[in-house]
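Read off the chains here:
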Amino acid sequence: MDAIARRAGTPCYIYSAAGILSRYRAYDEAFGAAPHQVFFAVKANSNLAVLALLAKAGAGFDIVSGGELFRVLKAGGDPAKVVFSGVGKTAPEVEYALESGIRGFNCESEAELSLIDSLAARQGKKARAALRVNPDVDAETHPYISTGLRENKFGIAMEEVEAVYGRARRFQNLILDGVSCHIGSQLLNSSPLVEALDRVLELVERLRAAGTAIGHLDLGGGLGVPYEPGDEAPSIGAYIERICERVKDRGLELMVEPGRSLVAESGLLVTRVLYRKSNGTKEFIIVDAAMNDLVRPSLYEAYHEILPVKRDPRRGTAKVDVVGPVCESGDFLALDREVANLLPGDLMALATAGAYGFVMASNYNSRPRAVEVLVEGASWRVVRTRETLDDLIRGESV
Ligand SMILES: *Cc1c(COP(=O)(O)O)cnc(C)c1O
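Calculation notes
Residues numbered from 1 in each chain as written. Predicted model: local features only at pLDDT ≥ 70, side-chain atom pairs only at ≥ 80, totals over all residues. Heavy atoms only, no water. Core = buried A, V, L, I, M, F, W, Y, C linked by side-chain atoms within 4.5 Å. Buried < 20%, exposed > 50% of the residue type's maximum accessible area, 1.4 Å probe, protein only. Helix = DSSP H or I, 4+ residues; strand = E, 2+ residues; numbered from the N terminus. Domains from an automatic or database assignment. Contact = heavy atoms within 4.5 Å. Pairing = 2+ DSSP bridges. Buried area = accessible area lost by both parts, 1.4 Å probe. Salt bridge = Lys/Arg side-chain N within 4 Å of Asp/Glu carboxyl O. Polar contact = N/O pair within 3.5 Å; in protein donor to acceptor, adjacent residues only side chain to side chain.

In a soluble, globular protein the nonpolar side chains are often hidden away together inside. The biggest cluster of nonpolar side chains holds 106 residues, and the ones touching the most others in it are Phe105 and Ile240. Per element, the largest residue contribution to this core is 9 residues, and it comes from helix α8 (residues 191–209). Each of two domains, domain 1 (2–12 + 265–384) and domain 2 (17–262), supplies a minimum of three residues to this core. Once residues within four sequence positions are removed from consideration, Ile240 is found in contact with Tyr27, Ala30, Phe31 and Val256. The next biggest cluster of nonpolar side chains, apart from the first, holds 11 residues, and it includes Ala5, Ile14, Leu347 and Val373.

Given below as structure tokens:
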């Protein structure tokens with residue numbers, strides 16, 4: 001980390017290829033011989049090198065925008081292994097997806113089915129789709145990342161969904177042969193996911209009884225990772241085996257869309273200490289990374305473990321707020337945290353930053369976005385250069 005930070009500068013995101021691949025294989029191998037496909041949720045980390053790594057390993061991709069499809073194609077992803085999710089797909093995005101030959105759409109309203117049907121007709125194609133149902137289970141996670149409750153904007157309510165499948169038979173250019181759901185993110189207990197699966201399996205049986213052929217079931221993502229000491233996350237293998245057990249012998253292809261659990265633990269944000277400061281009662285460590293680089297602490301009160309890049313026990317620890325240079329009181333990376341007593345010039349790493357880290361970065365305060373580095377075996381390379389001042393004003397005019 002020290003060598004990378006000296007060459008690439010800070011703040012710097014560092015990803016481990018081996019870490020990402022080991023999690024992908026944990027998913028893929030746990031399915032065994034059961035018909036399945038793992039779709040990486042691109043929104044968690046959309047760097048081209050990360051996508052290329054997963055594409056080469058055989059992953060499919062879950063996208064939520066035309067921009068993400070563009071990235072997947074640029075990274076060498078197979079469009080036949082892309083599913084398009086999200087509540088607000090636009091007509092140009094649907095056209096782009098149809099032209100690219102993606103595998104299918106996870107749809108969230110009847111109006112969306114109708115749009116896809118008419119655009120597919122114009123291209124002389126048949127689009128494959130699943131309806132995203134809202135199983136109304138409590139994911140027991142942060143309200144901002146809970147999506148499976150009736151009050152959320154996502155999916156179609158269980159009571160309405162059968163009628164929608166029935167009416168969808170009128171669409172000539174749409175093959176509605178799947179059911180999907182995604183109940184939330186950062187679940188540290190897989191039971192709500194299994195409960196959602198059970199509700200969806202009952203729905204599949206009812207739909208089949210009513211004459212709708214259902215060939216695949218997409219359980220979405222959501223598996224959590226340990227951020228804080230004491231967090232216990234479900235094992236990927238145990239979770240997949242648990243759901244396979246319930247789905248086997250039903251003639252269903254099982255699909256999952258993990259984001260966080262594939263990449264979070266394989267990423268660090270490395271930052272350098274700029275200043276130490278005390279305001280009477282409070283101690284601050286001011287670093288060169290800020291909420292524009294990693295917004296999770298400000299947005300979700302998320303916890304990222306803070307590690308000194310060089311351990312020196314003689315330094316001791318200090319209880320501090322770790323803050324960045326952005327002009328907001330909400331700009332912090334940690335509050336009231338006992339951390340290594342780092343001094344100006346020292347390097348600090350924020351752990352578990354491989355998911356929803358760089359992808360949520362912004363240029364707020366006109367700060368160029370950080371550099372991204374991929375470590376493969378004993379070597380490393382820059383996979384996105386640090387933005388320049390000219391990048392900041394690209395497309396603007398006086
Ligand atoms: C965000 C999202 C995912 C990935 O969620 P994780 O919690 O990162 O695994 C999967 N599917 C859909 C539809 C999503 O919106």
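Where strand β1 (residues 12–16) lies against strand β17 (residues 371–376), 5 bridges are found, and the strand directions are parallel. Bridging across to β17, Tyr15 finds its partner in Leu374. Bridging between β17 and strand β18 (residues 379–384) involves 5 bridges; their strand directions are antiparallel. Residue pairing for β18: Glu376 is matched across the bridge by Ser379. Between β17 and the antiparallel strand that follows it, β18, lie 2 residues; Gly377 among them carries a positive phi value of about 60°.

In this section: the domain arrangement of the chain. With domains assigned, the chain is organised as domain 1 (2–12 + 265–384) and domain 2 (17–262). The gap between the C-alpha centroids of domain 1 and domain 2 is 33 Å. On the domain 2 side, the residues contacting the 19 residues of domain 1 number 21 residues. Of the roughly 2,000 Å² buried at the junction of domain 1 and domain 2 (both faces included), carbon and sulfur atoms supply 54%. Of all residues in domain 1, Glu265, Tyr303 and Tyr356 give up the largest surface area on contact with domain 2, accounting jointly for 33% of the area buried on that side. Connecting domain 1 to domain 2 are 1 salt bridge. A salt bridge links Glu265 to Arg23; the shortest N-O distance between them is 3.7 Å. Joining domain 1 to domain 2, the criterion identifies 6 residue pairs in polar contact (both at pLDDT 80 or more). Broken down by secondary-structure element, the contributors of at least two residues to the side of domain 1 that touches domain 2 are α11 (296–300), β17 and β18. Looking at the side of domain 1 that touches domain 2, the element that brings in the most residues is β17, giving 4 residues.

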